[in-house]
Amino acid sequence: MFSLERWQEIFETIRKNKLRTFLTGLSVGSGIFILVILLAIGQGMQNGISKEFENDASNRISVWTGVTSESYKGLNPGRRIQLDNEDYDLAETKNIEQLEYKSGVYSRWGQMTSYKTENGSYRVEGVRGDYQFLENATLTTGRYINQSDINAFEKVAIIGNRVYQDLFKKENAIGEYIEISGVKFKVVGVYTDPGGEREENRIFIPLSTSQRVFNAGDKLRSLAFTLEKQNNFEAALAASEVFTAQLEADLKAKHIISPTDERAIRINNSLEGAKRIYDLIAMIKWFFWGVGICTIIAGVVGVSNIMLIIVKERTKEIGIRKAIGAQPISIIGMILHESIFVTAIAGFLGLIFSLFILEMVGPLIETDYIRNPQVDFQVAFITVIILVVAGAVAGFFPAYRASTIKPIEALRDE
Amino acid sequence: MIEIKDLHKSYKMGANSLHVLKGIDFEVADGEMIAIMGSSGSGKSTLLNILGILDEADKGTYHLDGKIIKNLNEKVAAQYRSKFLGFVFQSFNLISYKNALDNVAMPLYYQGVKRNIRTEKAMHYLEKVGLADWAEHLPNELSGGQKQRVAIARALASNPKVLLADEPTGALDSKTSYEVMELIQEINDEGKTILVVTHEDDIAHMCKRIVNLRDGIIIDDSTVKQVRAKSLENV
């Protein structure tokens, strides 16, 4: 099978039959090429969509309030519901076992902030130390808010990367004082957020400080929680749904809101959103796999077809070869060897070419929904093998038939 | 060398069966040069194909070089063909994408001869048929006579015991025919057993023995005085 003589014979045949070889190679190579590109786009879409939902903790549960839309227990609709520290304490003490991170939030939009001659308008949020993880923020330098800041009403600030660039122009910010709405805060940290500029355009200060500085008493704008990790997604989703329902019922009872009122208390469970996204990603993945497998099938059919034609075309030659002493096995070997060689080379050329294209074009794609398109090399490699084997199997049967027909019949074939 | 007894062969043509050979008894000794003659349909090509193990008889026995040829599988048949037989066809049957040298070398490839020895031997046989200068040419660049000479060189390359020629001059004009026959006579002079199927009287008389077939039986089997092709070429 691997004798030098056979290789010489194969190369000669290929050299003398360039068109045939080219067409076989083209069908295999293009099949692989299309498959790899499709899988890469699928992966790219998956990456892009995942990225879109990375800006907060994936299991974050947020609570906001609004205006009641239904009358309940003698109270008119249109009542504004205000959260306060009591609500937070209620949620915390009742669920302390299963909460991972938790924070109340008191925030103000558009606060004039200045450092020396630079100034800007930013959203300022009073939070607890856990909020870093609820926001999925990473500190580039310094520290985040801690419990002693909260207890001592410290005037410290953690600024977003964007704020840092605006105000400090890459100078050192740690230990410097910025002025927020006329009050001086000491910068103790700078953070980045996978959500990008929109999320880095904020300043975090201790919750207690913000309530005092903005004269808010014990009011809260919103609550944010994550639950302890579960072993699997389904368990996590179930736990979060139970928690969410319970929390909603508790808050509605406390604020005297109709259980059917959907506007007064709004709870956003990221996991539910995440589930939809994962389902969507899975769908996209299946879709591209489906298309990819169809492409492979088309490729296999194409290769089989070409192999049938090649054997048919070579029937007379096979007859001649047999008349001058070729063994049937050497006829089968010759045809299979050639087909495997051609499909393998073409398949890997298609693979390399498509990977090259991905490498060149991939980084240039700048849409939110396709990011970093790439393909699992192993998958692509296995696909090439499948195509080569399929080509060999498809070639074997006509080759076998040709090798068993009597040379006299093969010779008669015109 | 060849010994056949009571050989029968029939072909199925739809519902009808065509009885082509109806009991052939026939012996060939070493070094003979025999013409098998007959009109078309007499069964002469069928006989040659059976002798060449390209086809199989329905009934009767066939011994080639002392070995019985019966119910061979393709593998053994291929071995025997490679070892004992060389073929020359009316339509040359050269492989179109291989040059003259590679065509001649092919039987040696199937005998497992190394490439450099193969090329050397093939060149030797090409020289023998006077086509050394045409070694690198493809079949479609050669004339009919040249193609047939390449085919003869190929048949000789494996050094077979018997050379089987099916209408070797059927596609050639008479001058070229005589040149080809002269070559075949020379090969016979060297001791090779040769069977030539032909329907041309002049070609048949260039052999040493003529076997006449009609309707699947031998009607005449006689030794003749060989006419040398060379003496006719200049006429």
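Remember, it's a predicted structure, so these values are computed and weren't measured experimentally. (Residues numbered from 1 in each chain as written. Chains lettered and ligands numbered in written order. Predicted model: local features only at pLDDT ≥ 70, side-chain atom pairs only at ≥ 80, totals over all residues.)

### Let's talk about the packing of helix 3 (residues 100–110) of chain B against helix 4 (residues 115–128) of chain B
Residues and elements named next belong to chain B.
No. 1: Running from N to C, helix 3 and helix 4 cross one another at 120°; their axes reach a closest spacing of 8 Å. Classified by the angle their axes make, helix 3 and helix 4 are oblique. The two elements helix 3 and helix 4 cross, and the hand of that crossing is right-handed. The segment helix 3 lies against helix 4, with Ala100, Leu101, Val104, Ala105, Leu108 and Tyr109 engaging Arg118, Thr119, Lys121, Ala122, Met123, Tyr125 and Leu126.
No. 2: Looking at the contact of helix 3 with helix 4 residue by residue, the class counts come to 10 nonpolar, one polar and two charged. (Axes fitted to C-alpha atoms, helices over the stretch in contact; angles between N-to-C directions. Helix = DSSP H or I, 4+ residues; strand = E, 2+ residues; numbered from the N terminus. Parallel < 35°, antiparallel > 145°, perpendicular 65-115°, else oblique. Left-handed = near helix turned anticlockwise from the far one by under 90°. Contact = placed C-beta atoms within 7 Å. Nonpolar A, V, L, I, M, F, W, Y, C, P; charged D, E, K, R; others polar.)

### Brief notes about the sheet that holds strand 8 (residues 193–198) of chain B
Two strands in a sheet stick together by hydrogen bonds in their backbones, pointing the same way (parallel) or opposite ways (antiparallel).
Residue and element names in this part refer to chain B.
No. 1: The six strands are arranged 6-7-8-3-9-10 in an open sheet whose pairing can be described as mixed. Looking along the sheet, the strands with just one partner apiece sit at the ends: strand 6 (85–88) and strand 10 (217–223). For this sheet, the mean angle separating the axes of adjacent strands, direction not counted, is 15°.
No. 2: Bridge analysis of strand 9 (residues 209–214) against strand 10 gives six bridges, and the strand direction is antiparallel. Across the sheet, the residue bridging to Asn212 is Asp220, located in strand 10.
No. 3: Docked against the sheet, helix 5 (residues 144–157) engages strand 6 and strand 7 (162–166), running at close to 170° with respect to strand 6.
No. 4: Its contacts with the sheet put helix 6 (residues 174–189) on strand 3 (33–37), strand 7 and strand 8, and the angle it makes with strand 8 is roughly 150°. (Pairing = 2+ DSSP bridges.)

### What about the interface of chain B and chain A?
No. 1: Between chain B and chain A, the residue contacts involve 20 residues of the former and 20 residues of the latter.
No. 2: Going through the elements one at a time, helix 2 (74–84) and helix 3 of chain B are the ones with two or more residues in the side of chain B that touches chain A.
No. 3: For the side of chain B that touches chain A, the element with the most residues is helix 2 of chain B, which contributes five residues.
No. 4: Among the residues forming the side of chain B that touches chain A, the class breakdown is nine nonpolar, five polar and six charged.

### Here's the deal with the pairing of strand 1 (residues 2–13) of chain B
All names here are of chain B.
No. 1: The pairing of strand 1 with strand 2 (residues 16–28) spans 10 bridges and is antiparallel. Residue pairing across strands places Ile4 opposite Phe26, the latter belonging to strand 2.
No. 2: Linking two consecutive strands that pair antiparallel, namely strand 1 and strand 2, is a turn of two residues; a positive phi of about 65° is found at Gly14 within it.
No. 3: With five bridges joining them, strand 1 and strand 4 (residues 59–64) adopt antiparallel strand pairing. Note that in strand 4 the partner of Lys5 across the bridge is Thr61.

### Topic: the confidence of the model for chain B
Residue and element names in this part refer to chain B.
No. 1: Residues with a pLDDT of 70 or more make up 99% of chain B, whose mean pLDDT is 89.
No. 2: In the model of chain B, helix 8 (residues 229–233) stands out as the element of lowest mean pLDDT, 77, in contrast to strand 3, which has the highest, 93.
No. 3: Across the predicted assembly, pTM comes out at 0.65 and ipTM at 0.86. (pLDDT = per-residue confidence, 0-100.)

### Quick notes on the pairing of strand 9 of chain B
Residues and elements named next belong to chain B.
No. 1: Bridge analysis of strand 3 against strand 9 gives four bridges, and the strand direction is parallel. The partner of Met37 across the bridge, within strand 9, is Asn212.
No. 2: Two successive antiparallel strands, strand 9 and strand 10, enclose a turn made up of two residues, where Asp215 displays a positive phi of approximately 50°.

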